[in-house]
There are 2 protein chains.
Amino acid sequence: MTKVKGDTDTATQILDVAERLAQVRGFNGFSYADIAAELHLTKAALHYHFAGKAELGEALMTRYATRFSDALAAVESRVDDAAGRLDAYADLYLGVLRKERMCLCGMLAAEYETIPVPMRDTVLRFFEANEEWLTRVLEQGRAEGQLQFAGPPADTARMIVSSLEGALLVARPFGDITRFQMAATQVLAGLRAASTGVV
Amino acid sequence: MTKVKGDTDTATQILDVAERLAQVRGFNGFSYADIAAELHLTKAALHYHFAGKAELGEALMTRYATRFSDALAAVESRVDDAAGRLDAYADLYLGVLRKERMCLCGMLAAEYETIPVPMRDTVLRFFEANEEWLTRVLEQGRAEGQLQFAGPPADTARMIVSSLEGALLVARPFGDITRFQMAATQVLAGLRAASTGVV
DNA sequence: GTCTATAGGCAGATAGAC
DNA sequence: GTCTATCTGCCTATAGAC
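So, here's what we can say about the structure. These figures come from a predicted structure and were not determined experimentally.

## Some points on the interface of chain B and chain A
Contacts between the two partners involve 37 residues from chain B and, on the opposite side, 37 residues from chain A. Taken together, the two surfaces of chain B and chain A that pack against each other cover about 3,400 Å², and 65% of this comes from carbon and sulfur. In terms of surface lost to chain A, no three residues of chain B exceed Leu169, Pro173 and Gln186 of chain B, which account for 17% of the buried area on that side. Its salt-bridge partner being Glu131 of chain B, residue Arg179 of chain A comes within 2.7 Å of it at the nearest N-O pair. Within the residue set of the side of chain B that touches chain A, elements represented by two or more residues are α1 (10–25), α6 (104–110), α7 (117–143), α8 (153–174) and α9 (177–189) of chain B.

## Side note on the pattern of salt bridges
All names here are of chain A. Scanning the model with the defined rule gives 14 salt bridges over all chains in all. Notably, a salt bridge pairs Glu19 with Arg67, separated by 2.7 Å at the nearest N-O pair. Of this pair, Glu19 sits in helix α1 (residues 10–25) while Arg67 sits in helix α4 (residues 53–78), and the two are 48 residues apart along the sequence. Overall, the relative accessible area of 5% leaves Glu19 in the buried class. We classify Arg67 as partly exposed; its relative accessible area is 38%.

## Examining the side chain of Thr135 of chain A
Residues and elements named next belong to chain A. Within the element layout of this structure, Thr135 appears in helix α7 (residues 117–143). Reaching out from Thr135, the side chain makes a polar contact with the backbone oxygen of Glu131 at a distance of 2.6 Å. With sequence-adjacent residues up to four places away left out, Thr135 is seen in contact with Pro153, Ala154 and Ala157.

## With respect to the protein's contact with DNA strand C
Surveying the vicinity of DNA strand C reveals 17 residues, the closest of which are Thr42 and His49 of chain A together with Ser31, Tyr32 and Lys53 of chain B. Close to the protein, within 4 Å, the atoms of DNA strand C are drawn from sugar and phosphate at a rate of 59%. In the model, a phosphate oxygen of DNA strand C is placed 2.9 Å from a nitrogen or oxygen of the Tyr32 of chain B main chain. Between DNA strand C and Lys53 of chain B there is a distance of 2.9 Å, counted from a phosphate oxygen to a backbone nitrogen or oxygen. Every element with two or more residues in the surface near DNA strand C is listed here: α3 (43–49) of chain A together with α2 (32–39) and α3 (43–49) of chain B. The dominant element in the surface near DNA strand C, judged by the number of residues it contributes, is α3 of chain A, at 4 residues. A per-class count over the surface near DNA strand C returns 8 nonpolar, 7 polar and 2 charged.

## Topic: α4 of chain A
All names here are of chain A. Here α4 spans 37 Å end to end across 26 residues, near enough to the 38 Å set by a 1.5 Å rise per residue. Those residues of α4 not exposed but buried are Leu56, Gly57, Leu60, Met61, Arg63, Tyr64, Phe68, Leu72 and Val75. Where α4 is buried, its residues touch α1, α2 (32–39), α5 (82–98), α6 (104–110) and α7.

Cut-offs and rules
Residues numbered from 1 in each chain as written. Chains lettered and ligands numbered in written order. Predicted model: local features only at pLDDT ≥ 70, side-chain atom pairs only at ≥ 80, totals over all residues. Heavy atoms only, no water. Contact = heavy atoms within 4.5 Å. Buried area = accessible area lost by both parts, 1.4 Å probe. Salt bridge = Lys/Arg side-chain N within 4 Å of Asp/Glu carboxyl O. Helix = DSSP H or I, 4+ residues; strand = E, 2+ residues; numbered from the N terminus. Buried < 20%, exposed > 50% of the residue type's maximum accessible area, 1.4 Å probe, protein only. Polar contact = N/O pair within 3.5 Å; in protein donor to acceptor, adjacent residues only side chain to side chain. Near = heavy atom within 4 Å. Nonpolar A, V, L, I, M, F, W, Y, C, P; charged D, E, K, R; others polar. Expected span 1.5 Å × (residues − 1).

Below, the structure written as C-alpha coordinates:
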(Lines give C-alpha, C1' and ligand atoms only; values in the text may rest on other atoms or scores of the structure.)
Protein backbone atom coordinates (compact mmCIF):
# COMPACT_ATOMS: atom_id res chain seq x y z
CA MET A 1 0.00 0.00 0.00
CA THR A 2 2.93 2.31 0.60
CA LYS A 3 4.88 3.72 -2.31
CA VAL A 4 2.27 2.96 -4.96
CA LYS A 5 3.90 5.68 -6.99
CA GLY A 6 5.37 9.02 -6.14
CA ASP A 7 6.29 8.36 -2.57
CA THR A 8 9.83 9.66 -2.72
CA ASP A 9 10.07 10.43 -6.41
CA THR A 10 11.26 13.83 -7.54
CA ALA A 11 7.80 15.28 -8.14
CA THR A 12 6.82 14.45 -4.59
CA GLN A 13 10.01 15.88 -3.18
CA ILE A 14 9.39 19.09 -5.10
CA LEU A 15 5.87 19.28 -3.72
CA ASP A 16 7.14 18.66 -0.19
CA VAL A 17 9.67 21.47 -0.33
CA ALA A 18 7.29 23.84 -2.13
CA GLU A 19 4.58 23.14 0.41
CA ARG A 20 6.82 23.93 3.34
CA LEU A 21 8.14 27.11 1.70
CA ALA A 22 4.61 28.23 0.82
CA GLN A 23 3.43 27.67 4.37
CA VAL A 24 6.40 29.44 5.93
CA ARG A 25 7.17 32.22 3.44
CA GLY A 26 4.02 32.43 1.34
CA PHE A 27 3.43 31.47 -2.27
CA ASN A 28 5.07 34.72 -3.40
CA GLY A 29 7.88 34.25 -0.93
CA PHE A 30 9.78 31.45 -2.63
CA SER A 31 11.09 30.72 -6.10
CA TYR A 32 12.00 27.77 -8.30
CA ALA A 33 15.60 28.55 -7.39
CA ASP A 34 14.87 27.97 -3.69
CA ILE A 35 13.38 24.54 -4.35
CA ALA A 36 16.10 23.59 -6.80
CA ALA A 37 18.87 24.54 -4.38
CA GLU A 38 17.34 22.52 -1.57
CA LEU A 39 16.97 19.41 -3.72
CA HIS A 40 20.31 19.90 -5.46
CA LEU A 41 18.59 20.16 -8.81
CA THR A 42 18.44 22.88 -11.42
CA LYS A 43 15.45 25.10 -12.09
CA ALA A 44 15.10 23.46 -15.50
CA ALA A 45 14.54 20.07 -13.87
CA LEU A 46 11.64 21.52 -11.92
CA HIS A 47 10.02 22.76 -15.09
CA TYR A 48 10.07 19.19 -16.39
CA HIS A 49 7.85 18.08 -13.51
CA PHE A 50 5.69 21.19 -13.23
CA ALA A 51 5.32 23.41 -16.28
CA GLY A 52 5.28 26.59 -14.23
CA LYS A 53 4.80 27.94 -10.76
CA ALA A 54 1.06 28.19 -11.34
CA GLU A 55 0.83 24.49 -12.16
CA LEU A 56 2.98 23.66 -9.15
CA GLY A 57 0.62 25.70 -7.03
CA GLU A 58 -2.39 23.81 -8.33
CA ALA A 59 -0.75 20.48 -7.62
CA LEU A 60 0.08 21.74 -4.16
CA MET A 61 -3.53 22.64 -3.47
CA THR A 62 -4.91 19.39 -4.82
CA ARG A 63 -2.64 17.34 -2.62
CA TYR A 64 -3.26 19.51 0.41
CA ALA A 65 -7.03 19.28 0.05
CA THR A 66 -6.91 15.51 -0.30
CA ARG A 67 -4.66 15.16 2.71
CA PHE A 68 -6.81 17.39 4.86
CA SER A 69 -9.93 15.54 3.84
CA ASP A 70 -8.21 12.28 4.76
CA ALA A 71 -7.26 13.74 8.13
CA LEU A 72 -10.88 14.65 8.80
CA ALA A 73 -12.01 11.15 7.89
CA ALA A 74 -9.36 9.75 10.23
CA VAL A 75 -10.67 11.91 13.07
CA GLU A 76 -14.17 10.60 12.47
CA SER A 77 -13.09 6.98 12.64
CA ARG A 78 -10.85 7.53 15.65
CA VAL A 79 -13.08 9.74 17.80
CA ASP A 80 -16.78 9.18 18.38
CA ASP A 81 -18.09 12.10 20.37
CA ALA A 82 -18.62 15.55 18.90
CA ALA A 83 -16.64 17.46 21.51
CA GLY A 84 -13.71 15.10 21.04
CA ARG A 85 -13.90 15.60 17.30
CA LEU A 86 -13.73 19.35 17.71
CA ASP A 87 -10.66 18.97 19.90
CA ALA A 88 -9.07 16.68 17.34
CA TYR A 89 -9.90 19.22 14.64
CA ALA A 90 -8.11 21.96 16.57
CA ASP A 91 -5.18 19.59 17.02
CA LEU A 92 -4.76 19.46 13.26
CA TYR A 93 -4.06 23.19 13.34
CA LEU A 94 -1.79 22.75 16.33
CA GLY A 95 0.27 20.25 14.36
CA VAL A 96 0.78 22.86 11.64
CA LEU A 97 1.93 25.44 14.19
CA ARG A 98 4.32 22.93 15.76
CA LYS A 99 6.10 22.81 12.39
CA GLU A 100 6.24 26.61 12.53
CA ARG A 101 3.99 26.86 9.51
CA MET A 102 0.79 28.64 8.62
CA CYS A 103 -2.17 26.71 7.22
CA LEU A 104 -1.51 26.66 3.46
CA CYS A 105 -4.98 27.92 2.67
CA GLY A 106 -4.84 30.58 5.35
CA MET A 107 -1.61 31.81 3.81
CA LEU A 108 -3.16 31.78 0.36
CA ALA A 109 -6.21 33.60 1.71
CA ALA A 110 -3.90 36.45 2.69
CA GLU A 111 -2.21 36.36 -0.72
CA TYR A 112 -5.51 35.78 -2.52
CA GLU A 113 -5.26 38.79 -4.84
CA THR A 114 -1.86 37.78 -6.16
CA ILE A 115 -2.06 34.00 -6.57
CA PRO A 116 -2.79 32.36 -9.94
CA VAL A 117 -6.52 32.42 -10.65
CA PRO A 118 -6.96 28.63 -10.83
CA MET A 119 -5.75 28.35 -7.22
CA ARG A 120 -8.35 30.74 -5.86
CA ASP A 121 -11.38 28.50 -6.11
CA THR A 122 -9.45 25.70 -4.46
CA VAL A 123 -8.76 27.95 -1.48
CA LEU A 124 -12.43 28.79 -1.08
CA ARG A 125 -13.48 25.18 -1.48
CA PHE A 126 -11.01 24.16 1.21
CA PHE A 127 -12.69 26.44 3.72
CA GLU A 128 -16.12 25.27 2.64
CA ALA A 129 -15.16 21.62 2.99
CA ASN A 130 -13.91 22.30 6.51
CA GLU A 131 -17.11 24.11 7.37
CA GLU A 132 -19.25 21.31 6.04
CA TRP A 133 -17.41 18.74 8.11
CA LEU A 134 -17.68 20.90 11.22
CA THR A 135 -21.36 21.52 10.54
CA ARG A 136 -22.02 17.80 10.68
CA VAL A 137 -20.05 17.45 13.91
CA LEU A 138 -21.93 20.37 15.45
CA GLU A 139 -25.30 18.94 14.43
CA GLN A 140 -24.37 15.63 15.97
CA GLY A 141 -23.14 17.23 19.18
CA ARG A 142 -26.23 19.35 19.58
CA ALA A 143 -28.54 16.41 18.92
CA GLU A 144 -26.73 14.37 21.54
CA GLY A 145 -26.82 17.25 24.00
CA GLN A 146 -23.04 17.42 24.24
CA LEU A 147 -22.70 20.75 22.44
CA GLN A 148 -24.66 23.93 22.90
CA PHE A 149 -24.79 26.97 20.65
CA ALA A 150 -27.26 29.46 19.21
CA GLY A 151 -28.24 29.66 15.57
CA PRO A 152 -27.47 27.47 12.57
CA PRO A 153 -24.60 24.97 12.96
CA ALA A 154 -23.15 26.27 9.69
CA ASP A 155 -22.63 29.70 11.25
CA THR A 156 -20.79 28.24 14.20
CA ALA A 157 -18.74 26.08 11.84
CA ARG A 158 -17.61 29.22 10.01
CA MET A 159 -16.75 30.87 13.29
CA ILE A 160 -14.61 27.90 14.29
CA VAL A 161 -12.70 27.79 11.01
CA SER A 162 -11.95 31.51 10.98
CA SER A 163 -11.08 31.61 14.67
CA LEU A 164 -8.60 28.77 14.37
CA GLU A 165 -7.09 30.23 11.22
CA GLY A 166 -6.69 33.51 13.05
CA ALA A 167 -5.22 31.87 16.11
CA LEU A 168 -2.64 30.25 13.85
CA LEU A 169 -1.97 33.49 12.01
CA VAL A 170 -1.27 35.45 15.19
CA ALA A 171 0.44 32.77 17.27
CA ARG A 172 3.03 31.84 14.66
CA PRO A 173 4.97 35.13 14.56
CA PHE A 174 5.10 35.08 18.36
CA GLY A 175 6.51 31.58 18.17
CA ASP A 176 4.17 30.77 21.03
CA ILE A 177 2.25 27.51 20.90
CA THR A 178 0.31 28.17 24.10
CA ARG A 179 -1.02 31.35 22.52
CA PHE A 180 -2.77 29.15 19.97
CA GLN A 181 -3.86 26.58 22.48
CA MET A 182 -5.50 29.09 24.80
CA ALA A 183 -7.38 30.73 21.97
CA ALA A 184 -8.52 27.38 20.58
CA THR A 185 -9.55 26.12 24.01
CA GLN A 186 -11.57 29.22 24.66
CA VAL A 187 -13.37 29.08 21.34
CA LEU A 188 -14.31 25.45 21.80
CA ALA A 189 -15.10 25.72 25.50
CA GLY A 190 -17.94 28.09 24.66
CA LEU A 191 -19.63 25.31 22.71
CA ARG A 192 -19.66 22.68 25.44
CA ALA A 193 -22.97 22.10 27.18
CA ALA A 194 -23.14 23.44 30.75
CA SER A 195 -22.84 19.99 32.36
CA THR A 196 -19.44 19.41 30.80
CA GLY A 197 -18.49 23.06 30.70
CA VAL A 198 -15.84 25.19 32.33
CA VAL A 199 -15.42 24.96 36.08
CA MET B 1 -5.37 71.73 13.16
CA THR B 2 -5.73 70.05 9.81
CA LYS B 3 -2.80 69.95 7.42
CA VAL B 4 -0.15 70.67 10.01
CA LYS B 5 2.25 69.06 7.60
CA GLY B 6 2.06 66.11 5.32
CA ASP B 7 -1.65 66.00 4.82
CA THR B 8 -1.62 65.70 1.06
CA ASP B 9 2.09 66.00 0.41
CA THR B 10 3.87 63.43 -1.67
CA ALA B 11 5.17 61.38 1.24
CA THR B 12 1.64 60.98 2.57
CA GLN B 13 0.29 60.05 -0.83
CA ILE B 14 3.00 57.43 -1.18
CA LEU B 15 2.10 56.00 2.22
CA ASP B 16 -1.59 55.94 1.32
CA VAL B 17 -1.03 54.00 -1.88
CA ALA B 18 1.55 51.70 -0.28
CA GLU B 19 -0.78 50.99 2.61
CA ARG B 20 -3.65 50.01 0.37
CA LEU B 21 -1.43 47.83 -1.81
CA ALA B 22 0.08 46.15 1.24
CA GLN B 23 -3.35 45.42 2.69
CA VAL B 24 -4.74 44.09 -0.59
CA ARG B 25 -1.75 42.35 -2.18
CA GLY B 26 0.66 41.96 0.71
CA PHE B 27 3.98 43.67 1.38
CA ASN B 28 5.68 41.36 -1.12
CA GLY B 29 2.86 41.82 -3.59
CA PHE B 30 3.62 45.34 -4.75
CA SER B 31 6.64 47.25 -5.97
CA TYR B 32 7.94 50.80 -6.14
CA ALA B 33 6.88 50.73 -9.79
CA ASP B 34 3.25 50.12 -8.78
CA ILE B 35 3.19 53.11 -6.47
CA ALA B 36 5.03 55.34 -8.92
CA ALA B 37 2.63 54.48 -11.75
CA GLU B 38 -0.40 55.23 -9.62
CA LEU B 39 0.93 58.62 -8.52
CA HIS B 40 2.40 59.47 -11.93
CA LEU B 41 5.87 59.65 -10.46
CA THR B 42 9.08 57.76 -11.16
CA LYS B 43 10.59 55.17 -8.88
CA ALA B 44 13.50 57.53 -8.24
CA ALA B 45 11.14 60.10 -6.75
CA LEU B 46 9.93 57.50 -4.28
CA HIS B 47 13.47 56.80 -3.19
CA TYR B 48 13.84 60.48 -2.35
CA HIS B 49 11.03 60.21 0.22
CA PHE B 50 11.76 56.71 1.48
CA ALA B 51 15.28 55.37 1.13
CA GLY B 52 14.10 51.84 0.41
CA LYS B 53 11.14 49.55 0.65
CA ALA B 54 12.15 48.55 4.17
CA GLU B 55 12.05 52.16 5.34
CA LEU B 56 8.73 52.67 3.60
CA GLY B 57 7.44 49.62 5.42
CA GLU B 58 8.56 50.98 8.77
CA ALA B 59 6.88 54.32 8.11
CA LEU B 60 3.76 52.41 7.13
CA MET B 61 3.73 50.51 10.39
CA THR B 62 4.37 53.54 12.55
CA ARG B 63 1.50 55.44 11.00
CA TYR B 64 -0.82 52.45 11.14
CA ALA B 65 -0.11 51.83 14.81
CA THR B 66 -0.74 55.46 15.68
CA ARG B 67 -3.95 55.53 13.73
CA PHE B 68 -5.22 52.34 15.32
CA SER B 69 -4.35 53.57 18.77
CA ASP B 70 -6.26 56.79 18.02
CA ALA B 71 -9.22 54.76 16.87
CA LEU B 72 -9.24 52.82 20.14
CA ALA B 73 -9.12 56.06 22.13
CA ALA B 74 -12.01 57.38 20.06
CA VAL B 75 -14.05 54.28 20.86
CA GLU B 76 -13.42 54.80 24.57
CA SER B 77 -14.61 58.40 24.47
CA ARG B 78 -17.62 57.61 22.30
CA VAL B 79 -18.86 54.41 23.96
CA ASP B 80 -19.16 53.87 27.71
CA ASP B 81 -20.21 50.28 28.27
CA ALA B 82 -17.87 47.35 27.80
CA ALA B 83 -20.14 45.36 25.48
CA GLY B 84 -20.60 48.42 23.27
CA ARG B 85 -16.86 48.90 23.15
CA LEU B 86 -16.34 45.33 22.00
CA ASP B 87 -18.90 45.87 19.25
CA ALA B 88 -17.17 49.09 18.23
CA TYR B 89 -13.85 47.24 18.22
CA ALA B 90 -15.24 44.62 15.85
CA ASP B 91 -16.58 47.43 13.68
CA LEU B 92 -13.04 48.66 13.15
CA TYR B 93 -12.26 45.35 11.48
CA LEU B 94 -15.49 45.51 9.54
CA GLY B 95 -14.44 48.88 8.14
CA VAL B 96 -11.24 47.30 6.84
CA LEU B 97 -13.18 44.51 5.15
CA ARG B 98 -15.58 47.01 3.57
CA LYS B 99 -12.58 48.47 1.76
CA GLU B 100 -11.78 44.92 0.60
CA ARG B 101 -8.57 44.94 2.58
CA MET B 102 -6.90 42.72 5.14
CA CYS B 103 -5.71 44.18 8.44
CA LEU B 104 -2.18 45.40 7.68
CA CYS B 105 -0.72 43.57 10.66
CA GLY B 106 -2.67 40.42 9.90
CA MET B 107 -1.23 40.49 6.40
CA LEU B 108 2.26 41.05 7.75
CA ALA B 109 1.75 38.24 10.26
CA ALA B 110 1.25 35.90 7.31
CA GLU B 111 4.32 37.33 5.56
CA TYR B 112 6.27 37.51 8.82
CA GLU B 113 9.22 35.40 7.68
CA THR B 114 9.88 37.54 4.63
CA ILE B 115 9.37 41.10 5.81
CA PRO B 116 12.28 43.37 6.81
CA VAL B 117 13.40 42.57 10.35
CA PRO B 118 12.68 46.05 11.78
CA MET B 119 9.02 45.64 10.85
CA ARG B 120 8.58 42.42 12.78
CA ASP B 121 8.58 43.82 16.28
CA THR B 122 6.09 46.45 15.23
CA VAL B 123 3.70 43.73 14.09
CA LEU B 124 3.93 41.93 17.42
CA ARG B 125 3.54 45.14 19.39
CA PHE B 126 0.43 45.98 17.39
CA PHE B 127 -1.23 42.77 18.50
CA GLU B 128 -0.10 43.29 22.08
CA ALA B 129 -1.45 46.84 22.15
CA ASN B 130 -4.80 45.58 20.93
CA GLU B 131 -4.82 42.86 23.53
CA GLU B 132 -4.01 45.30 26.32
CA TRP B 133 -6.85 47.58 25.32
CA LEU B 134 -9.26 44.66 25.12
CA THR B 135 -8.06 43.36 28.46
CA ARG B 136 -9.04 46.63 30.13
CA VAL B 137 -12.45 46.55 28.44
CA LEU B 138 -13.01 42.97 29.52
CA GLU B 139 -12.01 43.72 33.12
CA GLN B 140 -14.40 46.63 33.17
CA GLY B 141 -17.23 44.57 31.69
CA ARG B 142 -16.76 41.74 34.11
CA ALA B 143 -16.59 44.09 37.10
CA GLU B 144 -19.83 45.72 36.01
CA GLY B 145 -21.45 42.36 35.41
CA GLN B 146 -22.07 43.08 31.75
CA LEU B 147 -19.56 40.54 30.47
CA GLN B 148 -19.00 36.97 31.51
CA PHE B 149 -16.05 34.72 30.71
CA ALA B 150 -13.79 32.17 32.37
CA GLY B 151 -10.13 32.72 33.11
CA PRO B 152 -7.86 35.75 32.82
CA PRO B 153 -9.16 38.68 30.75
CA ALA B 154 -5.86 38.72 28.86
CA ASP B 155 -6.56 35.24 27.52
CA THR B 156 -9.98 36.25 26.26
CA ALA B 157 -8.46 39.40 24.77
CA ARG B 158 -6.05 37.25 22.77
CA MET B 159 -8.89 35.05 21.64
CA ILE B 160 -10.83 38.09 20.42
CA VAL B 161 -7.91 39.54 18.47
CA SER B 162 -7.05 36.28 16.75
CA SER B 163 -10.67 35.40 16.03
CA LEU B 164 -11.37 38.74 14.40
CA GLU B 165 -8.13 38.61 12.42
CA GLY B 166 -9.13 35.15 11.24
CA ALA B 167 -12.65 36.23 10.38
CA LEU B 168 -11.16 38.99 8.24
CA LEU B 169 -8.66 36.62 6.65
CA VAL B 170 -11.29 34.12 5.58
CA ALA B 171 -14.16 36.48 4.75
CA ARG B 172 -12.18 38.70 2.40
CA PRO B 173 -11.49 36.16 -0.37
CA PHE B 174 -15.16 35.20 -0.30
CA GLY B 175 -16.01 38.87 -0.73
CA ASP B 176 -18.69 38.27 1.85
CA ILE B 177 -19.16 40.84 4.57
CA THR B 178 -21.86 38.89 6.38
CA ARG B 179 -19.39 36.04 6.74
CA PHE B 180 -17.29 38.33 8.92
CA GLN B 181 -20.25 39.76 10.78
CA MET B 182 -21.66 36.40 11.76
CA ALA B 183 -18.31 35.17 13.02
CA ALA B 184 -17.68 38.37 14.97
CA THR B 185 -21.19 38.37 16.42
CA GLN B 186 -20.81 34.82 17.56
CA VAL B 187 -17.45 35.38 19.19
CA LEU B 188 -18.69 38.42 21.10
CA ALA B 189 -22.10 36.96 21.94
CA GLY B 190 -20.42 34.29 24.01
CA LEU B 191 -19.03 36.99 26.30
CA ARG B 192 -22.30 38.68 27.15
CA ALA B 193 -23.75 37.97 30.56
CA ALA B 194 -26.85 35.75 30.52
CA SER B 195 -29.28 38.60 31.21
CA THR B 196 -28.27 40.38 28.01
CA GLY B 197 -27.39 37.20 26.14
CA VAL B 198 -28.74 35.49 23.07
CA VAL B 199 -32.46 34.74 22.92
C1' DG C 1 15.12 13.20 -16.19
C1' DT C 2 18.55 16.29 -15.62
C1' DC C 3 21.78 19.29 -17.33
C1' DT C 4 23.99 24.04 -19.43
C1' DA C 5 23.01 28.16 -21.35
C1' DT C 6 20.29 31.82 -22.15
C1' DA C 7 16.37 34.76 -22.90
C1' DG C 8 13.28 38.64 -21.38
C1' DG C 9 11.32 40.92 -17.70
C1' DC C 10 10.88 43.14 -13.40
C1' DA C 11 12.71 43.92 -8.78
C1' DG C 12 15.10 47.44 -5.67
C1' DA C 13 18.39 50.88 -5.93
C1' DT C 14 21.83 54.79 -7.41
C1' DA C 15 24.11 58.77 -10.07
C1' DG C 16 23.65 62.93 -11.72
C1' DA C 17 21.01 66.55 -14.58
C1' DC C 18 17.43 69.95 -13.99
C1' DG D 1 11.66 67.25 -5.61
C1' DT D 2 11.46 65.02 -9.70
C1' DC D 3 13.48 63.49 -13.72
C1' DT D 4 16.38 60.18 -17.18
C1' DA D 5 19.40 56.66 -17.46
C1' DT D 6 21.46 52.82 -15.85
C1' DC D 7 23.05 48.95 -12.82
C1' DT D 8 22.83 44.56 -10.69
C1' DG D 9 20.36 40.85 -9.36
C1' DC D 10 16.66 37.61 -9.29
C1' DC D 11 12.53 35.97 -11.40
C1' DT D 12 9.99 32.56 -14.61
C1' DA D 13 10.63 30.14 -18.56
C1' DT D 14 12.62 27.80 -22.81
C1' DA D 15 15.95 25.43 -26.13
C1' DG D 16 18.63 21.88 -26.84
C1' DA D 17 22.58 18.62 -25.40
C1' DC D 18 23.31 14.39 -22.79
